[in-house]
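Structure at a glance
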Amino acid sequence: MTALSLMNRLLMAAITLVGVAVIVFVLLRVVPGDPIAMMISPGASEADIQALRAHYGLDASLPVQFAVWIKAVLMGDFGTSISLHRDVLSLLAERLPATLELAAAALVFAVVLGLGIAVIATLMARSRLAPVVDTLNGLFLAVPDFIWALALVLLFGVLFPVFPLSGRINPDVSQGFHTQFYLLESLFTLRFANLLDVSLHMIMPVLALGLPLASIITKVLKQALAEAMVQDYILLARLKGMSRLRLVMQEALRNAIGPTIALTGVQFTFLIGGTVIVERIFAYPGIGNMAIDAVINRDLPLIQGLVLVFGALFILVNLATDALVAWFNPRMEA
Amino acid sequence: MSEIATSAPRAAAKQKGHRTVMGAILTDPKVIIAGGFILLLVILAIFAPYIAPKDPLEQDLMLGTLPPVNGSGYEPGYYLGTDDLGRDVLSRLIYGTRIALTVAFVAAGLAALFGTVLGLIAGWYGGWPDAVISRLVEIWMAFPPVLLSILLVAVLGSGVHSVIAAIVIIDWTRFCRVIRAETMGQAKLDYVTAARTMGYPKLRILIREILPNVAPVLVALISLEMGIAVIVEAILSFVGLSVSSDTPTWGGMIAQGRQIIYQGWWVLTFPLIALFATVLAFNQLGDGLRRALDPVLQR
């Protein structure tokens, strides 16, 4: 990617983020419910209500509220959560690492599994097992993360209770972390007991998020590989006596990977969206789980902060995808 | 005269292929099983009061968390057991089809209506209407569905109307994009040229000639969208943002079952199976219809 097109993309990303901010702000100011009404005790006087309204800046006009809000956001001040009575930025900073670790682990799992199955299926394309793989994958494509998560709850939480059903870490060992990146920190500080505990808590949510993505990657990559395998250069390499495994891994994969990466990028944003419900099911303390509580409690400052964080994540994923696609496909450089 | 104009794919299908199209639909086991299952759900939803063995709302704490048939402590008549409040799981499951199917049909229908109208206009008239609609779709799709649904439910409040509105507002673009492309493809075909040569008004050609020919794709899309709608409703019921908690919904039952998972696995399991089967049925039906109705895929 050239410097100019990179600048261009970054500029577009910034504009998109501002657009998200404006939409979020406007939408949430037309919310019918009064957030103040939910905070006051039944005997509060009118003066108390007004004071509270002023405290949260809800008494000014809309453009003024937006100007105040956007200026504060740019300075890193996301306001105070109405339901949790805490600084929104610190709440986000506390919860975001949990979601990032979960989404990243699910992505790695999905790519490894999807790639593996696609390559193996291509190697044994003529075997009798090939239609079985296709049918199974077709079935898997229809199962969304929500259903996976609950099926896993039944399977590994109740029927064979091998994995913890909820949370991110056993409370007994949660002390002594300096960052919120529990997985990475326990890995780098070589605390294997903690690493195991965190991993066990993550297995089911990672499976629920990763399996749908894995079946999509399998489908697309398998198709791209099948198309690549009938090209002339593959035939040439085969005539030269290259082994089938090397043929697929070295020649076909290189040419089939581009479209798969582009699609994986788009699907990864859906996976991040899926963390909302999957975190809820496993009581995993990430920003997705927090988003549902924020909506239930009509916690406007928190919702705004969360939507901006999600928006920024999606934009970053899209940028990274573009960069990767360009990296793997030199023809795009022009 | 109009025979010439309608000697289009549709007319061709009528003459030699109509029976085979119907035949293809009716001999595809996927379509029959999936369609039969959905028909069963529709019957359950309509006649729920006559079919359900118990009142889905009747609580009896003396009968709380009873296991299904064959479990120890099974109470005759409560075939799939009871939840922690002593409500009959089977009856709640049957009544739950009502919300699931209402959302599926209304949300998918409305999303299809808006998306198709805009897609037809954009694909047929081109020019500035196409430019406006296409930009709108692009902007819409840049907004991730989850963000949009969080925001919409926050703005609209909870309830089944909000769920339907959210699905329509988010998913009309799916229809618009596909129908626009289909319409543009059809507009290039000879039968449309013939109809134009005959001097038919543009709107008439769009509605009488092109619309019937994009209908197969539309039907398949609607079926897929219904599957999506059922899942979205279940998720929002699960987190308590759909209908009020005393109306039986599969998502609500699943949420309750998740809380008492160690006391009664059946409260979660049965609605989950119902949800999965329904989503799979809509998926397979859409897939089968698309294959059966698409002349290119059929060959």
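Please read all numbers here as calculations on a predicted model, not as lab measurements. (Residues numbered from 1 in each chain as written. Chains lettered and ligands numbered in written order. Predicted model: local features only at pLDDT ≥ 70, side-chain atom pairs only at ≥ 80, totals over all residues. Heavy atoms only, no water.)

**What to know about the overall build of chain A**
A count of helical and extended segments in chain A gives 13 helices and zero strands. Ordering the α and β elements of chain A from the N terminus gives α-α-α-α-α-α-α-α-α-α-α-α-α. Based on the C-alpha atoms only, the size of chain A along its principal axes is roughly 85 × 55 × 40 Å. Counting all 334 residues of chain A, 43% fall into the buried class. Counted over contacts in chain A with a minimum sequence separation of 6, partners at least 24 positions apart contribute 72%. Carbon and sulfur atoms provide 70% of the accessible area of chain A, an area that totals close to 16900 Å². Across chain A, 20 positive and 21 negative side-chain charges occur, with their mean positions spaced 14 Å apart. (Helix = DSSP H or I, 4+ residues; strand = E, 2+ residues; numbered from the N terminus. Buried < 20%, exposed > 50% of the residue type's maximum accessible area, 1.4 Å probe, protein only. Contact = heavy atoms within 4.5 Å. Areas by Shrake-Rupley, 256 points an atom, 1.4 Å probe, with all protein chains shown as cover. Lys, Arg positive; Asp, Glu negative; His and termini not counted. Charge placed at Lys NZ, Arg CZ, Asp CG, Glu CD.)

**Comments concerning the overall build of chain B**
On a plain count of helices and strands, chain B comes out with 13 helices and zero strands. Each helix and strand of chain B, ordered N terminal to C terminal, gives the series α-α-α-α-α-α-α-α-α-α-α-α-α. The burial tally for chain B puts 50% of its 299 residues in the buried class. Within chain B, residue pairs in contact and separated by at least 24 positions form 73% of the contacts whose partners lie at least 6 positions apart. Accessible surface computed for chain B: about 14000 Å², of which carbon and sulfur atoms make up 67%.

**Side note on the domain arrangement of chain A**
Residue and element names in this part refer to chain A. Partitioning chain A into structural domains gives domain 1 (3–74) and domain 2 (93–329). The centre of domain 1, based on its C-alpha atoms, is set 33 Å off from the matching centre of domain 2. Between domain 1 and domain 2, the contact holds 18 residues from the first and 12 residues from the second. At the boundary of domain 1 with domain 2, the tally comes to zero salt bridges. Between the two partners, domain 1 and domain 2, sit zero residue pairs in polar contact (both at pLDDT 80 or more). Contributing elements (two or more residues each) for the side of domain 1 that touches domain 2: helix H1 (3–29), helix H2 (35–39) and helix H4 (62–74). Residue contributions to the side of domain 1 that touches domain 2 peak at 11 residues, all from H1. Classifying every residue of the side of domain 1 that touches domain 2 gives 14 nonpolar, two polar and two charged. (Domains from an automatic or database assignment. Salt bridge = Lys/Arg side-chain N within 4 Å of Asp/Glu carboxyl O. Polar contact = N/O pair within 3.5 Å; in protein donor to acceptor, adjacent residues only side chain to side chain. Nonpolar A, V, L, I, M, F, W, Y, C, P; charged D, E, K, R; others polar.)

**Digging into the side chain of Asp130 of chain B**
Relative to the helices and strands, Asp130 of chain B resides in helix H6 (residues 127–142). In this view, Asp130 of chain B contacts Ala122 and Arg180 of chain B; residues no more than four positions away in its chain are not counted.

**Thoughts on unusual backbone geometry**
Where the residue is not glycine, phi is negative for most of them; where a peptide bond is considered, it is trans in most cases. Residues and elements named next belong to chain A. The backbone phi angle of Ala283 is positive, close to 45°, even though this residue is not glycine. Among the structural elements, Ala283 can be located in the loop between helix H11 (244–281) and helix H12 (287–296). For Arg298, which is not a glycine, the phi torsion comes out positive at approximately 50°. Looking at the secondary structure, you find Arg298 in the loop between H12 and helix H13 (300–328).

**Details of the packing of aromatic side chains**
Going through the model one piece at a time under the given rule, you end up with eight aromatic pairs over all chains. Measuring from centroid to centroid gives 6.2 Å for Trp265 of chain B and Phe270 of chain B, while their planes differ by 45°, and the two rings are tilted. Look at Trp265 of chain B and you get partly exposed, because its relative accessible area is 40%. Following the ring pairs from residue to residue traces out a cluster consisting of Trp265, Trp266 and Phe270 of chain B. Over the ring of Tyr182 of chain A we find Arg168 of chain A, and its NZ or CZ is 4.2 Å from the ring centre. If you follow Lys202 of chain B out to its NZ or CZ, it ends over the ring of Trp124 of chain B, 4.9 Å from the centre. (Phe/Tyr/Trp six-rings, centres within 6.5 Å; stacked < 30°, edge-to-face > 60°. Lys NZ or Arg CZ within 6 Å of the ring centre and 35° of its normal.)

**With respect to the packing of helix H5 (residues 88–123) of chain A against helix H9 (residues 192–229) of chain A**
Residues and elements named next belong to chain A. Packing of H5 against H9 brings their axes to within 6 Å, and their N-to-C directions diverge by 35°. With respect to the hand of their crossing, H5 and H9 are arranged in right-handed fashion. Grouping the amino acids of the contact of H5 with H9 by side-chain chemistry returns 25 nonpolar, four polar and two charged. (Axes fitted to C-alpha atoms, helices over the stretch in contact; angles between N-to-C directions. Left-handed = near helix turned anticlockwise from the far one by under 90°.)

**Thoughts on the environment of Ser134 of chain B**
All names here are of chain B. Following the sequence through the fold, Ser134 ends up in helix H6. Taking relative accessible area as the criterion, Ser134 reaches 14% and is therefore assigned buried. Distance in space between the C-alpha atoms of Ser134 and Leu118 is 9.4 Å, their sequence separation being 16 residues.

**Regarding the confidence of the model for chain B**
All names here are of chain B. Mean pLDDT over chain B stands at 84; residues scoring 70 or higher make up 90%. Ranking the elements of chain B by mean pLDDT puts helix H1 (residues 2–5) last, at 42, and helix H5 (residues 89–125) first, at 94. The model gives residues 1–8 a pLDDT under 50, and that stretch makes 11 contacts with residues more than four places away or in other chains. Contacts from residues 10–18, a stretch scored under 50 in pLDDT, to residues over four places away or in other chains number seven contacts. Taken over the whole predicted complex, pTM reads 0.86, whereas the ipTM for its chain interfaces reads 0.84. (pLDDT = per-residue confidence, 0-100.)

**What to know about the pattern of salt bridges**
Under the defined criterion, the tally for this structure stands at 12 salt bridges over all chains. In this structure, Glu94 of chain A and Arg86 of chain A form a salt bridge, with 2.9 Å as the shortest nitrogen-oxygen distance. Ionic pairing is found between Arg168 of chain A and Glu101 of chain A, a salt bridge with its closest N-O pair at 2.8 Å. With a gap of 67 residues between them, Arg168 of chain A in the loop between helix H7 (145–159) and helix H8 (182–188) and Glu101 of chain A in helix H5 connect regions that are remote in the sequence. One exposure class covers both Arg168 of chain A and Glu101 of chain A, and it is buried. Three or more residues are tied together by salt bridges with common partners; here these are Asp83, Arg87 and Arg92 of chain B.

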